[in-house]
Structures are given as structure tokens and as C-alpha cells.
Amino acid sequence: MKMIVCVKQVPDTAEVRIDPVTHTMIRDGVPSILNPEDANALEESLRIKDRHPGAKVIALTMGPPQAQAMLRECLAMGADEAVLLTDRAVAGADTWATANTIASAIRALGGAELIFVGRQAIDGDTAQVGPQLAERLGLPQVTYVQKLTTLEDGLLQVERRMEQGYEVLRVRTPVLLSAVKELNAPRCLSILGICEAYEKEIKILSIQDLDITPADTGLNASPTKVYRTFTPKTERAGVLWEEDAGRMAGKLLTALREKHVI
Amino acid sequence: MIHTDMQKLIRKSVRDFAQKEVAPLAAQIDETGEFPDELYQKLAKNNYFGITIPKEYGGTGAGYVVMCIVMEELARVCVSTTLHITSPNTLLGLPLANYGTPEQKKRYLLPEMRGEKEGTFALTEPGAGSDAASMKTTAVRDGDYYILNGRKTFITAAPVADFVVVFAVTDRSKGTRGITAFLVERGTPGFSTGKKERKMGVCGSPTSDVILDRVRVHKSQILGKEGEGFLMAMKTLDSGRIVVAAQCLGIAQSAMDEAVKYVKERQQFGRAIGNFQGIQFMLSDMETKINCARALIYDTAQKKDLGMNITKEAAMAKYFASEMCNDVAAKALQLHGGYGYMKDYPIERIFRNARVTTIYEGTSQIQQIVIAKQLLK
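Computed from a prediction, not measured in an experiment: that's the story for all the values here.

J.: Would you mind showing me how to read the overall build of chain A here?
T.: What chain A contains, in helices and strands, is six helices and 13 strands. The principal-axis extent of the C-alpha atoms belonging to chain A is close to 65 × 50 × 40 Å. A total of 262 residues make up chain A; the buried ones form 43% of that total. Summarising the internal contacts of chain A: among those between residues at least 6 apart in sequence, 70% fall at separations of at least 24. Carbon and sulfur atoms make up 52% of the accessible area of chain A, which amounts to about 14,500 Å² in all. Of note, chain A has its 30 positive side-chain charges centred 4 Å away from the centre of its 35 negative side-chain charges.

J.: I tried to follow the packing of aromatic side chains on my own but got confused; where do I start?
T.: The geometry of an aromatic ring pair is captured by two quantities: the separation of the ring centres and the angle between the planes. Residues and elements named next belong to chain B. A full pass over the atoms with the stated rule returns eight aromatic pairs over all chains. When the ring of Tyr262 is compared with that of Tyr345, the centres are 6.1 Å apart and the planes differ by 85°; the resulting orientation is edge-to-face. Of this pair, Tyr262 sits in helix α8 (residues 237–265) while Tyr345 is found in the loop between α10 (311–335) and α11 (346–355), placing the two residues 83 residues apart along the sequence. Judged by its relative accessible area of 28%, Tyr345 is partly exposed. Centre to centre, the rings of Phe269 and Phe276 are 6.1 Å apart; their planes meet at 90°, and the pair counts as edge-to-face. Here Phe276 falls in the partly exposed class, since its relative accessible area comes to 26%. An aromatic cluster is present here, built from Tyr262, Tyr339 and Tyr345 joined pairwise through their rings. Above the face of the Tyr145 ring, Arg216 is positioned so that its terminal group lies 4.2 Å from the ring centre.

J.: Hey, could you run me through unusual backbone geometry in this one?
T.: Residue Thr173 of chain A is joined to Pro174 of chain A through a cis peptide bond whose omega torsion reads 0°. When you line up the elements, Pro174 of chain A lands in the loop between β11 (165–172) and β12 (175–179). You will see that Arg214 of chain B, though not glycine, has its phi angle at about 50°, which is positive. Relative to the elements of secondary structure, Arg214 of chain B occurs in strand β7 (residues 207–218). On the accessibility criterion, Arg214 of chain B (60% relative accessible area) is exposed.

J.: Is there a simple way to think about the nonpolar core in this case?
T.: Across soluble globular proteins, nonpolar side chains show a tendency to be buried alongside one another. Membership of the largest hydrophobic core comes to 138 residues, with the highest contact counts inside it found for Leu177 of chain A together with Tyr48 and Ile297 of chain B. With 15 residues, α8 of chain B is the largest single contributor of residues to this core. When residues no more than four places from it in sequence are discounted, the contact partners of Ile297 of chain B are Cys68, Ile242, Ala245, Ala246, Leu249, Ala317 and Ala321 of chain B. One finds Val83, Leu85, Ile102 and Leu205 of chain A within the second-largest nonpolar core, a separate group that totals 24 residues.

J.: Explain the sheet that holds strand β9 (residues 141–150) of chain A here, please?
T.: The strands making up a sheet associate through hydrogen bonds between their backbones, and the pairing can be parallel or antiparallel. Residue and element names in this part refer to chain A. Strand order in the open sheet formed by nine strands is β11-β10-β9-β12-β8-β1-β6-β7-β13, with mixed pairing between adjacent strands. Every other strand in the sheet has two partners, leaving β11 and β13 (203–205) as the edge strands with one partner each. Averaged over all pairs of adjacent strands, the angle between strand axes in this sheet comes to 35°, irrespective of strand direction. Along the sheet, helix α3 (residues 95–108) makes contact with β1 (2–6), β6 (56–62), β7 (81–85), β8 (114–118) and β13, crossing β6 at roughly 145°.

J.: So what exactly am I meant to see when it comes to the packing of α8 of chain B against α10 of chain B here?
T.: How two helices pack is summed up by the angle between their axes together with the distance between the axes. Residues and elements named next belong to chain B. Running from N to C, α8 and α10 cross one another at 20°; their axes reach a closest spacing of 8 Å. Between α8 and α10, the interaxial angle falls into the category roughly parallel. For the crossing formed where α8 meets α10, the hand is left-handed. Residue composition of the contact of α8 with α10, grouped by class: 22 nonpolar, two polar and three charged.

J.: What is the right way to read the packing of α3 of chain A against helix α4 (residues 129–137) of chain A from this model?
T.: All names here are of chain A. The N-to-C vectors of α3 and α4 enclose an angle of 50°; their axes lie 8 Å apart at closest approach. Taken together, the axis directions place α3 and α4 in an arrangement best described as oblique. For the pair α3 and α4, the sense of crossing is right-handed. In this structure, α3 contributes Thr95, Trp96, Thr98, Ala99, Asn100, Ile102, Ala103, Ile106 and Arg107 to the contact, and α4 contributes Val129, Gln132, Leu133, Arg136 and Leu137. Looking at the contact of α3 with α4 residue by residue, the classes come out as eight nonpolar, four polar and two charged.

J.: Would you mind showing me how to read the domain arrangement of chain B here?
T.: The parts lose accessible area when they come together, and the size of an interface is often stated as this lost area. Residues and elements named next belong to chain B. According to the domain assignment, chain B consists of domain 1 (5–113), domain 2 (119–232) and domain 3 (234–376). For domain 2 versus domain 3, the distance between C-alpha centres works out to 31 Å. Each side of the interface is counted separately: domain 2 has eight residues, and domain 3 has nine residues. Summed over both partners, the interface of domain 2 with domain 3 buries about 800 Å², with 64% contributed by carbon and sulfur atoms. On inspection of domain 2 and its partner domain 3, the count reaches zero salt bridges. Put simply, domain 2 and domain 3 have seven residue pairs in polar contact (both at pLDDT 80 or more) between them. Grouping the constituent residues of the side of domain 2 that touches domain 3 by class yields six nonpolar, two polar and no charged.

J.: Teacher, can you tell me more about the interface of chain A and chain B here?
T.: Contacts between the two partners involve 13 residues from chain A, matched on the other side by 18 residues from chain B. Of the roughly 1,300 Å² buried where chain A meets chain B, counting both sides, 70% is carbon and sulfur surface. On the chain A side of the interface with chain B, the three residues burying the most area are Cys188, Ile191 and Tyr198 of chain A, jointly 42% of the side's total. Scanning the region where chain A abuts chain B turns up three salt bridges. Between Lys12 of chain B and Glu73 of chain A there is a salt bridge, with its nearest N and O atoms 2.9 Å apart. Viewed at the interface, chain B and chain A are joined by six residue pairs in polar contact (both at pLDDT 80 or more).

How each quantity is defined
Residues numbered from 1 in each chain as written. Chains lettered and ligands numbered in written order. Predicted model: local features only at pLDDT ≥ 70, side-chain atom pairs only at ≥ 80, totals over all residues. Heavy atoms only, no water. Helix = DSSP H or I, 4+ residues; strand = E, 2+ residues; numbered from the N terminus. Buried < 20%, exposed > 50% of the residue type's maximum accessible area, 1.4 Å probe, protein only. Contact = heavy atoms within 4.5 Å. Areas by Shrake-Rupley, 256 points an atom, 1.4 Å probe, with all protein chains shown as cover. Lys, Arg positive; Asp, Glu negative; His and termini not counted. Charge placed at Lys NZ, Arg CZ, Asp CG, Glu CD. Phe/Tyr/Trp six-rings, centres within 6.5 Å; stacked < 30°, edge-to-face > 60°. Lys NZ or Arg CZ within 6 Å of the ring centre and 35° of its normal. Core = buried A, V, L, I, M, F, W, Y, C linked by side-chain atoms within 4.5 Å. Pairing = 2+ DSSP bridges. Axes fitted to C-alpha atoms, helices over the stretch in contact; angles between N-to-C directions. Parallel < 35°, antiparallel > 145°, perpendicular 65-115°, else oblique. Left-handed = near helix turned anticlockwise from the far one by under 90°. Nonpolar A, V, L, I, M, F, W, Y, C, P; charged D, E, K, R; others polar. Domains from an automatic or database assignment. Buried area = accessible area lost by both parts, 1.4 Å probe. Salt bridge = Lys/Arg side-chain N within 4 Å of Asp/Glu carboxyl O. Polar contact = N/O pair within 3.5 Å; in protein donor to acceptor, adjacent residues only side chain to side chain.

Encoded structure:
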């Protein structure tokens, strides 16, 4: 089975601060990481490969040349190949233009039976690229995959996480799946894995290698216009009571009733 | 030194592993003295046993800068864990890789790398510590066999070891050139290990005597050549020292981390104690010494990777880093006040773990002799 995992290098939002004046992210000194749910998608693909020797996992990303550091990490985890799509023409792409571009890159790589993506990237939190990508490629999709079992050749059983509970679905490949963090715990990197990752070649693609033109990608092809960014203010403060438990329970009951919670 | 991207990724991955897999167990390992086999297997899976060992013998050949990174990051969370890694990468693994026969490599080195067997190195005796050459253990030839008699002491991991490299005198008249190394397996008649020592620190790495009572060992179990055991051991000492120095660096860094956290939280006289200049002077001294050690250690490791002689540098790194980590751990404990003396705070364990580092792998005084000898030669 050939699998392409779409990955993104993101700033580690656990360490991100917002500039109070410009309302943009302060990227200086913030480490870049492999988007966590993309790591879940890669891990699951590698587990399929562990069960089915001969399967192949390709990590694909669109980003600046610095994203190679993250691709090395994907190779160290066990990806067979890593592909970086980098071109000034793709800069500023919103989710629509990104999906256009990545779909084209997947076609350039000859497609795959399984396209695995993370649910969403922690910098944008849109969760749109995965579904749009499936549409562009004309593939069925299952989002929020929290469990995956490979059945007979080309048939997968997946659990799709819902707000309350989950769906069990059976799908035939080719298919696009999006992973949630509950799917697995990504493996630790071995020393040998890292050393060998730095001996491998990273394949570089540019827009010339794709079946799209600059008009289909980047800022020009992005219908999303950012009107304003701001840091939401927390206006409602919490209430803290410190007294005996019985009295607090009574107060809590009254407060919840007042707010029509109960 | 400025690390390469690969070294940075290794540090990040070891730090992740240390936080996820080791840190939650560190206090328990120290208290119970039991090292979980599951964790041992994970160390093997990540290739931590074979960082300095060539690929063809089951290692990675990643070298000493990487080895120091791994030691530093793991020692920050659990020093006992690093003791399990030191031996296969230095005192035990290197002689096996460099002098072992193909059969010995297959039987001992490869399983050691895979975490299937744990071996250890037995040089020290009750009456032969720094003066290792004065050992009493003997090996007397008997046809194709040797009969070993004697007692080794303070042997790391001896209670759990599957095999031991034992140093014994084969020809007393030749001095250090009459000492031979033998691979002795647990289960060989006459081989036993003593009671587990009750130690001040690094309790998750069991230590005991190795007792040899008329142990019959075939000549094929000699590691290297007869009479070359002591010299073989001496050749690996530089590597062992730089690795222990990196362990000291990790211990000091963990003490520093705890100290900084505590002085920011602890309120006295109406403010966090970190705001007092007297406390800041202590912190700056600690941080400066840690980074002096760091510079010396990675510089020495890089030289080693480039094939340069590091006898003096490794001794200086081990001497400075081990003394430094005791000083930093003591100051960090002092900054915790009474709480630092309680077992509830990690600094108590860090302080106890630091203490052995100026003693094992050559005392500070022996390192000073080595340094001076290099200066005056």
C-alpha cells in the first residue's frame, strides 16, 4: 500500500505569544515543530507499514526550505520518503489555495491508496485542508479518525470521533483520513533513525513540477481575506468562594439556577 | 559548540523520551532500587546502548557528541538510567567492539545492543581501587582452561548482569602486562554475586561484589590477548571519562532547573527570594560553572569524534564537571532551605546522586594526576 501523509511545520503554540500592538504572532525564538495531529497521522501510517511489509509511507509538506528540519523528523520516525513543495508562488495561500496545491503535488507523486492528514494545524486551527484536499482529489474521506483497523486488502474499518460517542465506518481505498490525537501516541525517535534520516535525500518540488499555474495557488488564489486579528479579552471573571462546604454547595446551586444551567 | 541540525533533533528526541518515559519513574526507581525491564527495553529500542559502537556491531556509530547529549538529557531526569547506558557505550562495549572475536561479538555485544543481555566490567577489588593494577584476582592456566579465583567489588549492575568482563592476574611477574580480561557468564560454576550494596545515591543501578571461586573458563573467553587486559581497559578510560562528565552536566542542569523554579516561587520578606541579590549571586555562579563544563565537555567530545587524543581534556572534563555538579547541587539544595532536605523535593535525590561522580570512573585526585602527567611529560 502506498500512503502519503500530509504534514505541516508549525510554531509550537504552547510557547507562542501575541504582540499586543500588531496582534500578530511573535515568532522570534518560538521553536517550530511537526504539527501534533500530523504526527498521529504519520504514526498510524507507520503502524500500517509495520503490519504490512512492503507498504510505503511518503511525508509531504508545503512550506519554506526550513520545513526540511521537520521532514527529517518524519524520516527519523520511519517515513520512506520525504517531499518538500516549496515555491515563492505558493506563499500566502489560504486553505483553499493550499488544498489546490497539495492535491496537485499528490498527483505529481502518482497519487496514493491512503492519504492521511492531521485533523488541523495548531497555528490556524481551521481543519479545512484535509476535507478540501479529498474534494480536489475526488476521494472519499473520513475525518476525526480515532481508531483504524486494516481488514482485507483495500478495506479499512475506522472509528470516527463525534462529540458524544463515535461512528464505525468501513471504507475502501483510495481514501483520505484525518487523524485526531486519540488515534495513537507517536513513537520516540531512535538514534539510528535520526542518523539515517540525515543520510536520505529530501525530494524538492516547485510549481513547475505541478499541473497548476501560479494563478491557482498562493495569495492570488486565496478567497479568504483577513479583516482583523485580535486577542480575545476575557471579560467574565471566575468566582472563588472559600467557606464551609455546605454553604458553598447552596450558593453553587443558586448560581447555577440563576444562569439556567439547571 | 554549536550543534548540527541532526544533533539538535537528537537532543529534542532524547528530551521528549526522558520527559515521557523516564521522569515519571525516576523517584520510584530511586526508592525501590528496581529498574523496570520495560524501560530497559525502550532504551535498547532507541539505540541508547550503542551510540559509540559501530553500526556493524549493532550500534549506531553516532559518536561522542551525541553520546554526551544523550547522557546530559537523561541525567537531568534520572541518573540511575544513565548508569545502564554508560557501560555498553564505554568500558564494556568498546573493548568488545575493538578486541572481541567475531564469536564474542555475536554472543555478547550484539545481544547487549539489543537489550537482550546486560554485561558489566569488573576491575575494582576490595584492596585495589585507584591502584587497579594491584589486584589479587588470579587466573591460572589449566590446559585449554583458566581457573579464576578472587573477589571484585563495587561492580555496577553485577546483581543483574548476564556476563562480566573480569580482570585477573595471569602472570604476576609482568605487572600490568600480566593482567588478562575474561568473559565470564553467570551460571558458570563458582561464579556468584554478593549482596546488593546499600548506596547513598544512584540506587536504580544495583551494585555488588562478584565472587570467583575456582571458576573454570575456556581460553576462548579471553577478551583481547593474554596479558593485554589492563592496557585494553586503560585505552577506554578517556571515553568513559567524557561520558561521565556529560552525566555530571545533566545532574548539575537538573539542580539548576529546580533551583530557578524554587527561588521564583518561594516568598520570604514579602517577595520571591530570587529577587534578593545574595541569591542571584549564587545562581550566577552556578550557571557560569555549568556552562564552563558544557563548553569543555562538548569541545572534548568533538575532538574525540575527530580522532584526536583527549587524555588530558577528558580528565579535565570529568574532574571539573564532577566537582562542579556537587557544588551546584549543594547550592541548589541550600536555596531550597529546609524543604531541600526533605525527600519530597527532587533536589534531595539530585544531591545524593551527584556525590558519587567525584569517586567513580577515577576519583578527582586520579584525574588531577592524569592532567599533571600530561602537562609534565
